[in-house]
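If you want the building blocks of each chain, they are given just below.
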Amino acid sequence: MTIRFALNGVVVEVDVPGSRRLLDVLREDLRLTGTKEGCGEGECGACSVLIDGEIVNSCLVAAGQVDGCRVVTIEGLALPDGKLSPLQRAFVERGAAQCGICTPGRLLAAHALLQENPRPSADDVRVGLAGNLCRCTGYTKIVEAVLACRS
């Protein structure tokens, strides 16, 4: 099946079985390895991407479902000149990124939250990122990094 979608602002086509996981298409077929596989069951959020602006677990999405959609991965959060976005910089500067497994999905979830609510409270951030598990940071630095990016 030929699947055509906008990936990080660029239209791509892949010829894969429609039932192949989007996670595998991104990592293996398109060589965008920033999206991580954690649990493979939609429980941890490590594989989170944005599809038409909504945060989703790419391990639970069949590639055929994104035909005609806009998909954003962690690689798509960088600024046009390739530099880190303010949100990415905040994660680095505040120690919110540790081992790196949850970081891409967490950044995309934080980006989606800030798009929807530019001035979230700490509780809003905790709720907005609840689908992204982290075993390294204890969450405090993550919440602080997102709060530092409020507009």
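Residues numbered from 1 in each chain as written. Predicted model: local features only at pLDDT ≥ 70, side-chain atom pairs only at ≥ 80, totals over all residues. Heavy atoms only, no water.

(A) Local environment of the overall build of the protein. In terms of helices and strands, the protein carries five helices and five strands. When the elements of the protein are put in sequence order from the N terminus, they spell out β-β-α-β-β-β-α-α-α-α. Principal-axis analysis of the C-alpha atoms gives the protein an extent of 45 × 30 × 25 Å. Considering the protein as a whole, with its 151 residues, one finds that 42% of them fall into the buried category. A separation of at least 24 residues holds for 55% of the contacts in the protein among residues at least 6 apart in sequence. As displayed, the protein offers around 7700 Å² of accessible surface, 49% of which is attributable to carbon and sulfur atoms. Averaging the coordinates of the 16 positive side-chain charges in the protein and doing the same for the 18 negative ones gives two points 8 Å apart. (Helix = DSSP H or I, 4+ residues; strand = E, 2+ residues; numbered from the N terminus. Buried < 20%, exposed > 50% of the residue type's maximum accessible area, 1.4 Å probe, protein only. Contact = heavy atoms within 4.5 Å. Areas by Shrake-Rupley, 256 points an atom, 1.4 Å probe, with all protein chains shown as cover. Lys, Arg positive; Asp, Glu negative; His and termini not counted. Charge placed at Lys NZ, Arg CZ, Asp CG, Glu CD.)

(B) Geometry of the sheet that holds strand S1 (residues 2-7). Taken together, five strands build an open sheet; the order of strands is S2-S1-S5-S3-S4 and the sheet is mixed. Here the strands that pair on one side only, and so sit at the sheet edges, are strand S2 (10-15) and strand S4 (54-57). Direction aside, neighbouring strands of the sheet carry axes that sit 40° apart on average. Bridging between S1 and S2 involves six bridges; their strand directions are antiparallel. Note that in S2 the partner of Leu7 across the bridge is Val10. (Pairing = 2+ DSSP bridges. Axes fitted to C-alpha atoms, helices over the stretch in contact; angles between N-to-C directions.)

(C) Geometry of the pattern of salt bridges. Counted according to the given criterion, the structure contains eight salt bridges. For Arg20, the salt bridge is made with Asp29, and the minimal N-O distance between the two is 2.8 Å. With a relative accessible area of 37%, Asp29 lands in the partly exposed category. Residue Glu93 pairs with Arg94 through a salt bridge whose shortest N-O separation is 3.9 Å. (Salt bridge = Lys/Arg side-chain N within 4 Å of Asp/Glu carboxyl O.)

(D) Representation of the nonpolar core. In terms of nonpolar packing, the biggest core is built from 23 residues, with Leu87, Phe91, Leu107, Val125, Leu129, Ile142 and Val146 touching the most fellow members. Taken together, the elements giving at least two residues each to this core come down to helix H2 (86-93), helix H3 (103-116) and helix H5 (140-147). With seven residues, the single largest contributor to this core is H3. By size, the runner-up hydrophobic cluster in this structure holds 17 residues, among which are Ile3, Leu26, Val49 and Ala63. (Core = buried A, V, L, I, M, F, W, Y, C linked by side-chain atoms within 4.5 Å.)

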